[in-house]
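# Notes for the structure review
The chain contents come next:
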Amino acid sequence: MRPAPILFCLFLLTVGCAAPFGPLSAPAVADTANRPIPKVMMGRLQEDLDLADFQAAALLGNLAQETGNFTHLQQVGGPSYGYSQWLGPRKRAFLAYAEGNGGKRSFAANYGFLLHEIRTEYPDMVDRIRAAQTVDAATRIFMREFLRPSKRHANLPARVRYAERYLVGDYS
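Residues numbered from 1 in each chain as written. Predicted model: local features only at pLDDT ≥ 70, side-chain atom pairs only at ≥ 80, totals over all residues. Heavy atoms only, no water.

## Notes on the nonpolar core
- In this structure, M41, F70, I118, M125, F142, F146 and Y166 are the most contacted members of the largest nonpolar core, which totals 48 residues.
- Residue contributions to this core peak at 8 residues, all from helix 3 (residues 53-67). (Core = buried A, V, L, I, M, F, W, Y, C linked by side-chain atoms within 4.5 Å. Buried < 20%, exposed > 50% of the residue type's maximum accessible area, 1.4 Å probe, protein only. Helix = DSSP H or I, 4+ residues; strand = E, 2+ residues; numbered from the N terminus.)

Below, the structure is given as structure tokens:
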């Protein structure tokens, strides 16, 4: 393996520069009154889905891993988009939903579609998350059943670390 191309790719990912073929990712837009997206979502997920704080944090830890802590909506170098990195039919459904709900970069569209999808397509998963007794277990359930990342991108420990940070109020 040649180090120069690897270092160049790491540089691009670090500084967020555009590649010659277009932007690497789209930044998230937070219409959340200057409050961090996960901080706003923490309370809303608890209320809207009747979750304990650690269970809501588990969902957020997963979404943070998918989006670089809510800084990138477009998958770096890939087609997935949004807080849940929707792809295929789920992405098309999200984009259609977003048209009437503030646009694909808005909090309203991303949170609204996430909630819609969880309530309509994944109610049994929410019951399993509510039954989870630890942040690790709740994080694993949401990752495996809702997001379904490839093994290469799963990185459960990073997802749990984000969740644990959110539980203590660290949204950085």
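Still more to cover.
## A short note on the pattern of salt bridges
- For the coordinates displayed, the defined rule picks out 5 salt bridges.
- The residue R130 makes a salt bridge to D127 at a minimum N-O spacing of 2.8 Å. Of this pair, R130 and D127 both sit in helix 6 (residues 123-131), 3 residues apart, which is roughly one turn of that helix.
- Look at D127 and you get partly exposed, because its relative accessible area is 45%.
- A salt bridge links D170 to R165; the shortest N-O distance between them is 3.5 Å. (Salt bridge = Lys/Arg side-chain N within 4 Å of Asp/Glu carboxyl O.)

## Things to note about the environment of P123
- With respect to the element layout, P123 can be found in helix 6.
- Residue class for P123 comes out partly exposed when judged on its relative accessible area of 39%.
- Taking the C-alpha atoms as reference points, P123 and L49, separated by 74 residues in sequence, lie 9.7 Å from one another.

## Concerning the confidence of the model for the chain
- Scored by pLDDT, the chain has a mean of 86; 81% of the residues are at 70 or more.
- Counting interchain partners and residues more than four positions distant, the pLDDT-below-50 stretch residues 1-28 has 29 contacts. (pLDDT = per-residue confidence, 0-100. Contact = heavy atoms within 4.5 Å.)

## A word on the side chain of R159
- Looking at where R159 falls in the secondary structure, it is placed in helix 9 (residues 156-167).
- Taking relative accessible area as the criterion, R159 reaches 0% and is therefore assigned buried.
- In terms of polar contacts, R159 uses its side chain to reach the side chain of N62, at 3.0 Å. (Polar contact = N/O pair within 3.5 Å; in protein donor to acceptor, adjacent residues only side chain to side chain.)

## Notes on helix 2 (residues 37-49)
- Look at helix 2: 17 Å from first C-alpha to last across 13 residues, which is about the 18 Å you get at 1.5 Å a residue.
- The complete set of buried residues in helix 2 reads I37, P38, V40, M41, M42, L45 and L49.
- Tucked inside the fold, the buried residues of helix 2 contact helix 3, helix 5 (107-121), helix 6 and helix 9.
- Two residues or fewer past helix 2, D50 is found with a positive phi of approximately 55°. (Expected span 1.5 Å × (residues − 1).)

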